[in-house]
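Per-entry structural report
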Amino acid sequence: MKKLMLGNEAIARGAYEAGVSVAAAYPGTPSSEILKEFGKYKDVYAEWSPNEKVALEVGCGASIGGARTLVTMKHVGVNVAADPLYTFAYTGVTGGLVLISADDPGMHSSQNEQDNRGYGRFAKLPVIEPSDGQEAKDYTKLAFDISEKYDTPVMVRVTTRLSHSQTLVEDGECIEPEIKDYQKNAAKYVMLPAYARARHVEVEKRMQLLKEYAETSELNKIEWASKEIGIITSGIAYQYVKEAMPEASVLKLGIVHPLPKDLIRTFAEQVETLIVVEELEPVFEEQIKSWGIDVKGKEYFSVLGEYSPELIEERLKNKELDNTLNLQNEIPPRPPLMCPGCPHRGVFYTLKRMKVTVMGDIGCYTLGALSPLDGMDACICMGASIGTALGMEKARGKDFTKKLVSVIGDSTFVHSGITSLVDVVYNQGSSTVLILDNDTTAMTGHQDHPATGITLQNKPTKKLDLELLVKAVGIENVQVVDPLNLDDLKKALEDELNRDEPSVIITKRPCALIDNTLSKEKYYVDIEECNGCKVCTRIGCTGIYYIEDDKKAAISNTCVGCGLCPQVCKFDAIKKVEG
Amino acid sequence: MQKQIKDILIVGVGGQGTLLTSRILAQVAVQMGQDVKVSEVHGMAQRGGSVVTQVRYGEKVYSPIIKKGDADIILAFEKIEAARWLGFLKPDGKVIINDDRVDPLPVMSGKAKYPINITDKISQLVPDTQIVDATSLAIECGNIKSANVVLVGMLSDAIGLPPEEVEKAIKKMVPEKALDVNLKAFEEGRKLLSNAS
């Protein structure tokens, strides 16, 4: 029976049907739902790993050990996992291994829009790309067969629009998970130079075989229509093309690396104009041009952002949108912001008041960079805050650290902050690190991690004690404070910023969306006391707003009673509703 | 030529329930034996930002996103969000707006103005605009969060979804403990439409 499934659910289902018994991931939008869904199936093991490199290494071990294995991450996660990935492409697999790379054209929730088809070429891996939920399931399943047949890890590349679209998907038959025998084979799995040289030969042979496979595979197919325009495309862009250009012939690529050169040439010879429609980089276009085939692509389309059916129509049919329904100019922007009651809000409010330079990191708290908190000076990638603060200190001197902090979430700290903190101690940094511990991975949808004490499959586990860990690394000055208590927080910051040694402040308070301890007390603004100074609006909370006509503040119905705004009001105008 | 596909845009502010609404509508389409695609919003955009989810159903649906100027109907949970996404509506499309105001951050802090008479302006551009106070009805039903389902009640009649199928979908998609409130909200939404016409 057909069921509505998120693209990510369909991938999980495909892995389950393929008999996968081990799966690992670090959550990252748009990939996060895959492993959560997979973990619900019976008799499978699924884990949140501390980061993507660890996830892939667990995957490599499980594969060498004979199990079919799924590893999932977002596009930038593959950067973290790139080291084991390139070498695992050399060793190949025992049980099939499929790596899902969820790319994010348009950067709905990412810091860049890299095109991970490039990893396929660079690491010499086959990459396949589904274009809807059904294919997401089918291709994931098939990817395990390809992995084992060609002795290679396989990348399945999806994009946000596929991961986060619901479509109808038909369940299929499940293969019983079967663990292949483990046999020691150092020449295949120990990549010291002498063995690796031999494996590189195998990699090149395998790429040749994969090219032949790509020529004949049903994943690459021509849909003939008018031969005036022929379009080569893949993934979600295929759906946009079918919508916008029903009259065109289409070569739909399911295997996007290696490319089927002969098939492409055959297609090119039969159409008058050949156009590549691919989001982000001209990966197909450049390869096809390099074979001397006349093809157009980025003349029409941008390397920036997501495409859409109307964009394709606009560019290929030269059709201008006649749009009279436009009120855009009158509408103020509505940027995302921290939730009411968010424990991070007090931190950024205080840092701004103290005029501190802030090296930031990736998570909900990155929103602290936006107005009115304006609380961040830099944010590069997962785990970069502590290292960038150390670098800044080395560039500008120790005195600078009296006004320098790094902020990093609990999950992000475990992901890749720990090693930088070791560096700070080892190389004698003295800046202050704030670990914003909200007891979850909030940004991606509240996944657990080693410091929450719960596993992906909801089992209680040994909880990583961040305070003890930080001390063990060699940090002697450690304070734990409640970020919703502004006086305590400010005092802790003053103490630690003034020290000539490195220190860590752990701000401890669960994410407001999972916190059962928030008082839920209601507040109101006593308009007799309010003098309209607007200081309360500087915390950037939807729970409190300023009424221009009255020149007074007011509490909105989104208030959860965190008690932050009464602390910033100098006139004691914000009061608890009694009873 | 009559369009083969129904295109519905659901717009609002992160946290208002656009996702659940789109899932209920998609479930109804499945029950009616239609092909259906839903494009959802996850991650950063959910944190109180402007959000849009899109539902497309019909015999065969390719793209999960709707072309600008092509949507049959916009269901807006907040006034200025209706205006923000209006460019997606086809010229003779329909707009249903919850008469609710959620100030964006620049407005809250006094840096921008919330546009006045925005619903009048929408009504001028789109003759088939309906403005309803779904929030008050939702509070009457027992939970402010069910405002989205009040609007589903209005929408279902507007695009000819059988009410019993919508109820079935609500029962499938809404958690047990919130079911009664939501079924009531759906009924109130339907009543609203019959009173208006």
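Residues numbered from 1 in each chain as written. Chains lettered and ligands numbered in written order. Predicted model: local features only at pLDDT ≥ 70, side-chain atom pairs only at ≥ 80, totals over all residues. Heavy atoms only, no water.

Under an unreviewed UniProt entry, chain B has the name Indolepyruvate oxidoreductase subunit IorB and belongs to Candidatus Syntrophocurvum alkaliphilum.

By the naming in an unreviewed UniProt entry, chain A goes by Indolepyruvate oxidoreductase subunit IorA and is assigned to Candidatus Syntrophocurvum alkaliphilum. What UniProt states about chain A under its Subunit (unreviewed entry) heading is, verbatim, "Heterodimer of the IorA and IorB subunits." What UniProt states about chain A under its Function (unreviewed entry) heading is, verbatim, "Catalyzes the ferredoxin-dependent oxidative decarboxylation of arylpyruvates." (UniProt positions renumbered as here; feature names shortened; annotations may be inferred.)

Concerning the interface of chain A and chain B
Contacts between the two partners involve 56 residues from chain A, matched on the other side by 57 residues from chain B. The junction of chain A with chain B conceals about 4,900 Å² of combined surface from both sides, 60% of it contributed by carbon and sulfur atoms. The interface formed by chain A and chain B holds 6 salt bridges in total. Among the salt bridges present, the one from Lys121 of chain B reaches Glu330 of chain A, with a minimum N-O distance of 2.6 Å. Inspection of the chain A/chain B interface yields 19 residue pairs in polar contact (both at pLDDT 80 or more). Put simply, the parts of the chain that give the side of chain A that touches chain B at least two residues each are strand 1 (2-6), strand 8 (165-170), helix 10 (235-244), helix 13 (309-316) and strand 20 (544-547) of chain A. Element by element, the count of residues in the side of chain A that touches chain B is highest for helix 10 of chain A, at 5 residues. Grouping the constituent residues of the side of chain A that touches chain B by class yields 27 nonpolar, 18 polar and 11 charged. Sheet analysis places strand 8 of chain A next to strand 2 (residues 35-39) of chain B, joined by 2 bridges and oriented antiparallel. When the sheet's bridge partners are listed, Gln166 of chain A is paired in strand 2 of chain B with Val38 of chain B. (Contact = heavy atoms within 4.5 Å. Buried area = accessible area lost by both parts, 1.4 Å probe. Salt bridge = Lys/Arg side-chain N within 4 Å of Asp/Glu carboxyl O. Polar contact = N/O pair within 3.5 Å; in protein donor to acceptor, adjacent residues only side chain to side chain. Helix = DSSP H or I, 4+ residues; strand = E, 2+ residues; numbered from the N terminus. Nonpolar A, V, L, I, M, F, W, Y, C, P; charged D, E, K, R; others polar. Pairing = 2+ DSSP bridges.)

Side note on the side chain of Thr537 of chain A
Here Thr537 of chain A shows up in the loop between strand 19 (523-525) and strand 20. Reaching out from Thr537 of chain A, the side chain makes a polar contact with the backbone oxygen of Lys534 of chain A at a distance of 2.7 Å. In this view, Thr537 of chain A contacts Pro372, Tyr545 and Tyr546 of chain A together with Met108 and Ser109 of chain B; residues no more than four positions away in its chain are not counted.

Some thoughts on the packing of aromatic side chains
Counted under the stated rule, the structure contains 9 aromatic pairs over all chains. Aromatic pair Tyr86 of chain A and Tyr119 of chain A: ring centres 6.2 Å apart, planes at 75°, arrangement edge-to-face. Linking Tyr86 of chain A in helix 4 (residues 75-91) with Tyr119 of chain A in helix 5 (residues 117-123), this pair joins segments that are 33 residues apart in sequence. Arranged with centres 6.0 Å apart and planes meeting at 45°, the rings of Trp85 of chain B and Phe88 of chain B form a pair that is tilted. Taken as a pair, Trp85 of chain B and Phe88 of chain B share a single burial class, namely buried. One aromatic cluster is present, formed by Tyr16, Phe38 and Tyr41 of chain A through successive ring pairs. Note that Arg117 of chain A overlies the ring of Phe284 of chain A, its terminal NZ or CZ placed 4.6 Å from the centroid. The ring centre of Phe400 of chain A lies 5.1 Å from the NZ or CZ of Arg396 of chain A, which sits over that ring. (Phe/Tyr/Trp six-rings, centres within 6.5 Å; stacked < 30°, edge-to-face > 60°. Buried < 20%, exposed > 50% of the residue type's maximum accessible area, 1.4 Å probe, protein only. Lys NZ or Arg CZ within 6 Å of the ring centre and 35° of its normal.)

Details of the confidence of the model for chain B
Here chain B shows a mean pLDDT of 91. Residues at 70 or above account for 95%. In the predicted assembly, ipTM is 0.92 and pTM is 0.93. (pLDDT = per-residue confidence, 0-100.)

Re the packing of helix 10 of chain A against helix 13 of chain A
Residues and elements named next belong to chain A. It is the contact of helix 10 with helix 13, at a shortest axis distance of 8 Å, that shows an interaxial angle of 60°. Judged by the angle between their axes, helix 10 and helix 13 are oblique. The chirality of how helix 10 crosses helix 13 is right-handed. Of the residues in helix 13, those touching helix 10 at Ala237, Tyr240, Val241, Glu243 and Ala244 are Pro309, Ile312 and Glu313. (Axes fitted to C-alpha atoms, helices over the stretch in contact; angles between N-to-C directions. Parallel < 35°, antiparallel > 145°, perpendicular 65-115°, else oblique. Left-handed = near helix turned anticlockwise from the far one by under 90°.)

Points about the domain arrangement of chain A
Once the domains are mapped, chain A shows domain 1 (2-216), domain 2 (221-317), domain 3 (343-508) and domain 4 (523-576). Between domain 2 of chain A and domain 4 of chain A, the C-alpha centre-to-centre distance is 55 Å. (Domains from an automatic or database assignment.)

Some words on the sheet that holds strand 3 (residues 45-48) of chain A
Residue and element names in this part refer to chain A. Spatially, the 7 strands line up as an open sheet ordered 3-2-4-5-7-6-12, and their pairing is mixed. Each end of this open sheet is capped by a strand with a single partner; those strands are strand 3 and strand 12 (255-257). Bridge count between strand 5 (residues 97-103) and strand 7 (residues 154-159): 6 bridges; the pairing is parallel. By the bridge assignment for strand 7, Val98 is matched with Val154. Running at roughly 140° to strand 4 (residues 69-74), helix 4 makes contact with strand 4, strand 5 and strand 7 of the sheet.

Focus: the sheet that holds strand 11 (residues 248-253) of chain A
Residue and element names in this part refer to chain A. In spatial order, the strands read 9-11-10-13; together these 4 strands make up an open sheet with mixed pairing. Two strands close off the open sheet at either side, each with one partner strand: strand 9 (221-223) and strand 13 (273-277). Looking at each pair of strands side by side, their axes are set apart by 20° on average, direction ignored. Alignment of strand 10 (residues 226-234) against strand 13, held across 5 bridges, turns out to be parallel. When the sheet's bridge partners are listed, Ile232 is paired in strand 13 with Val276.

Overview of the UniProt feature "binding site: [4Fe-4S] cluster 2" (unreviewed entry) in chain A
Look at the UniProt record and you will see "binding site: [4Fe-4S] cluster 2" (unreviewed entry) annotated at Cys541, Cys559, Cys562 and Cys565 of chain A. For the residues just named, distributed over 25 residues, the greatest C-alpha separation is only 10.7 Å, placing them together at one site. When you line up the elements, Cys541 of chain A lands in the loop between strand 19 and strand 20. Those residues in contact with Cys541 of chain A that sit more than four places away from it in its chain are Pro340 and Arg345 of chain A together with Met108 of chain B. Locating Cys562 of chain A in the fold gives a position in the loop between strand 21 (552-555) and helix 19 (564-568). The contacts of Cys562 of chain A, once residues within four sequence positions are left out, are Gly341, Leu484 and Leu518 of chain A.

Remarks on the UniProt feature "binding site: [4Fe-4S] cluster 1" (unreviewed entry) in chain A
Residue and element names in this part refer to chain A. Per the UniProt annotation, the sites labelled "binding site: [4Fe-4S] cluster 1" (unreviewed entry) are Cys530, Cys533, Cys536 and Cys569. For the residues just named, distributed over 40 residues, the greatest C-alpha separation is only 10.4 Å, placing them together at one site. Secondary-structure assignment places Cys536 in the loop between strand 19 and strand 20. The exposure class of Cys536 is buried, given its relative accessible area of 8%. In this structure, Cys536 is in contact with Ile544, Ala553, Val568 and Ile574, ignoring residues within four places of it in sequence. With respect to the helices and strands, the residue Cys569 is situated in the loop between helix 19 and strand 22 (574-576). Residue Cys569 is classed as buried on the basis of its relative accessible area, which comes to 14%.

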